[in-house]
Amino acid sequence: MADQIPVNDLRRHAVATEKAVRSSVDRVLSSGWYILGKECESFEREFADYCGTAHCVGVANGTDAIEIGLRALGVGAGSRVATVANAGFYTTTALMALGARPVFVDVERGTKLMDLAHLKQILDEGTLDAVVVTHLFGLLHDMEAVLDLTDRAGVPVLEDCAQAHGARRGGRRAGSFGAAATFSFYPTKNLGALGDGGAVVTGSAAVAERVKRLRQYGWEAKYRVGAEGGRNSRLDEMQAAILRAKLPLLDGWNERRREVATRYSQEIGNPRVACPPVYGEEFVGHLYVVVCDDRDALRAHLADEAISTDVHFPVADHRQSVSADFGQSADLPVTDSLSGSVLTLPCYPEISDEEVARVISSINSW
């Protein structure tokens, strides 16, 4: 029987990065400094330069980044924040922690990103305090079009870049467009740590300073709390050092992900399986997601062929049981349709050409 093809394989990734990672770990162990030290400072500077922003502040994880980033933009209890409902409940989790109310926007069927026509309708009502734009599956939204709407409405935008490290449009990378942007460095991300990690990037010194205070109890000086809503959420030295080692390799990994995605889009020919188009640098292939009219049957067929798949995401935010008080009345027909038909195929830098061919052949034979 053929070897199993996983959706992602962190063991292969660990082998490919072992030398650089071990050197980073040894450097931190030798330093004797493990929280908010030189490694974190260096990574923040290097990642800000990479994103094309003036500031980066490391935090403990991507969801904290969203919550703290929104709080730094003035979002709090009672605020109304537009977001999509097809992105795994992460932004909604942050909004609930803030006491804010998600205002769900439907998505475009092709891109699966926020539907700007629907966003405009909501903005025209004049009731939003912020917008979170998620660059889902690694596809950078048309941020010029987004900002054309939000700037006229005077509403700040936070970019959720957890799946889009390095994506680029018009020479600008994901994270460089909004009032602030957030990243996750969960191990499966395009740039992943060996544990949790996150960051907020921004062009605003004032926003960056608020984030720095909020990530450490709200301190304005040691043991002196000057900002409400602070917490303990810091990117530790070990994860920062590991991310520093991996950052120079990110663009190469993204290019390989695009190569895999391009083969799928060009060579999968089953009429029951709708593939995304071939994209350029605006797509970094975090996940390769197809749409199928009988997802469960296709998934079972691929499992029989020793090919793993996943569903991102099977339950939309407004359909979650905890959303009863604020979301289940939302009219999101495209979001609802996609949650029952999306399927994620294996796509990661270390997948072999032979494995990609097996996935394509198996789908075409179904």
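Reading guide: rules and limits
- Residues numbered from 1 in each chain as written.
- Predicted model: local features only at pLDDT ≥ 70, side-chain atom pairs only at ≥ 80, totals over all residues.
- Heavy atoms only, no water.
- Helix = DSSP H or I, 4+ residues; strand = E, 2+ residues; numbered from the N terminus.
- Buried < 20%, exposed > 50% of the residue type's maximum accessible area, 1.4 Å probe, protein only.
- Contact = heavy atoms within 4.5 Å.
- Areas by Shrake-Rupley, 256 points an atom, 1.4 Å probe, with all protein chains shown as cover.
- Lys, Arg positive; Asp, Glu negative; His and termini not counted.
- Charge placed at Lys NZ, Arg CZ, Asp CG, Glu CD.
- Patch = residues over 30% accessible without salt bridge, like charges linked within 9 Å, V, L, I, M, F, W, Y side chains within 5 Å.
- Salt bridge = Lys/Arg side-chain N within 4 Å of Asp/Glu carboxyl O.
- Core = buried A, V, L, I, M, F, W, Y, C linked by side-chain atoms within 4.5 Å.
- Pairing = 2+ DSSP bridges.
- Right-handed = clockwise from strand over helix to strand, strands pointing away.

As a further point, take the overall build of the protein chain. Check the secondary structure of the protein chain and you find 12 helices and 14 strands. If you line up the protein chain on its principal axes, its C-alpha atoms span 65 × 55 × 40 Å. Counting all 366 residues of the protein chain, 55% fall into the buried class. Considering only contacts within the protein chain whose residues lie at least 6 apart along the sequence, 69% involve residues at least 24 apart. When the accessible surface of the protein chain is summed, it comes to about 15200 Å², and 48% of that surface belongs to carbon and sulfur atoms. Across the protein chain, the mean location of the 38 positive side-chain charges is 5 Å away from that of the 49 negative side-chain charges.

Quick look at a nonpolar patch on the surface now. A cluster of nonpolar side chains, contributed by Leu29, Tyr34 and Ile35, occupies part of the molecular surface with about 280 Å² of accessible area. Locating tyrosine 34 in the fold gives a position in the loop between α1 (10-31) and α2 (38-51). Note on tyrosine 34: relative accessible area 41%, which makes it partly exposed.

Within the largest apolar cluster, 80 residues are counted, with the highest numbers of intra-cluster contacts made by Phe47, Leu119, Leu128, Val131, Phe185, Tyr264 and Leu345. Tallying contributions element by element places α2 first for this core, with six residues. Those residues within four positions of phenylalanine 47 in sequence are excluded, and the remaining contacts are Cys56, His165, Phe183, Phe185, Leu191, Val201 and Leu247. Within the second largest apolar cluster, 24 residues are counted, among which are Val59, Leu73, Val75 and Val200.

Let's shift gears to the pairing of strand β4 (residues 130-134). Within β4, five of the five residues are buried, which leaves the element mostly enclosed by the surrounding structure. Alternating positions in β4 separate into two faces, Ala130, Val132 and Thr134 on one and Val131 and Val133 on the other, with burial throughout. Across two bridges, the pairing between strand β2 (residues 80-84) and β4 is parallel. Counted as the bridge partner of valine 81 is alanine 130 from β4. Strand direction decides the pairing type here: β4 and strand β5 (residues 157-160), joined by four bridges, are parallel. Within the sheet, the bridge partner assigned to valine 132 lies in β5 and is leucine 158. Remark: the β4/helix α6 (residues 143-153)/β5 crossover connection has right-handed handedness.

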